[in-house]
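Working through the structure, step by step
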Amino acid sequence: MCASRKTSRARMFAYAADHNALVLPAHLPGHGAFEIRREGAGFELSGWAPFSRT
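Residues numbered from 1 in each chain as written. Predicted model: local features only at pLDDT ≥ 70, side-chain atom pairs only at ≥ 80, totals over all residues. Heavy atoms only, no water.

Take the nonpolar core next. If you look at the biggest cluster of nonpolar residues, it comprises six residues: F13, A16, A17, V23, F34 and I36. Those elements giving two or more residues to this core turn out to be α1 (3–19) and β1 (32–39). Beyond its immediate chain neighbours, meaning those up to four positions away, A17 contacts I36, R37, R38 and F43. (Core = buried A, V, L, I, M, F, W, Y, C linked by side-chain atoms within 4.5 Å. Buried < 20%, exposed > 50% of the residue type's maximum accessible area, 1.4 Å probe, protein only. Helix = DSSP H or I, 4+ residues; strand = E, 2+ residues; numbered from the N terminus. Contact = heavy atoms within 4.5 Å.)

This is the structure we're talking about:
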């Protein structure tokens, strides 16, 4: 993965973890959103909120 994508993703995950924000991924399989939290030096998906495709 290119450095700018890794940096951008880490910045977005950090913001979401620090602000309790849901992440709505555009490039992951499935339909839904997830919560993320900090885990050590990285991040961990802490909840998945599925929703129906309309």
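All right, on to the pairing of β1 then. One ladder, built from eight bridges, connects β1 with strand β2 (residues 42–50); its direction is antiparallel. If you follow A33 over to β2, its bridge partner there is A49. Counted between consecutive antiparallel strands, the loop separating β1 from β2 contains two residues, among which G40 sits at a positive phi close to 60°. (Pairing = 2+ DSSP bridges.)

A separate point is unusual backbone geometry. Peptide bonds are, in most cases, trans, and in most cases residues other than glycine have a negative phi. Positioned with a positive phi, N20 is a non-glycine residue whose angle comes to about 55°. Within the fold, N20 resides in the loop between α1 and β1. Accessibility expressed as a relative area gives 73% for N20, which makes it exposed.

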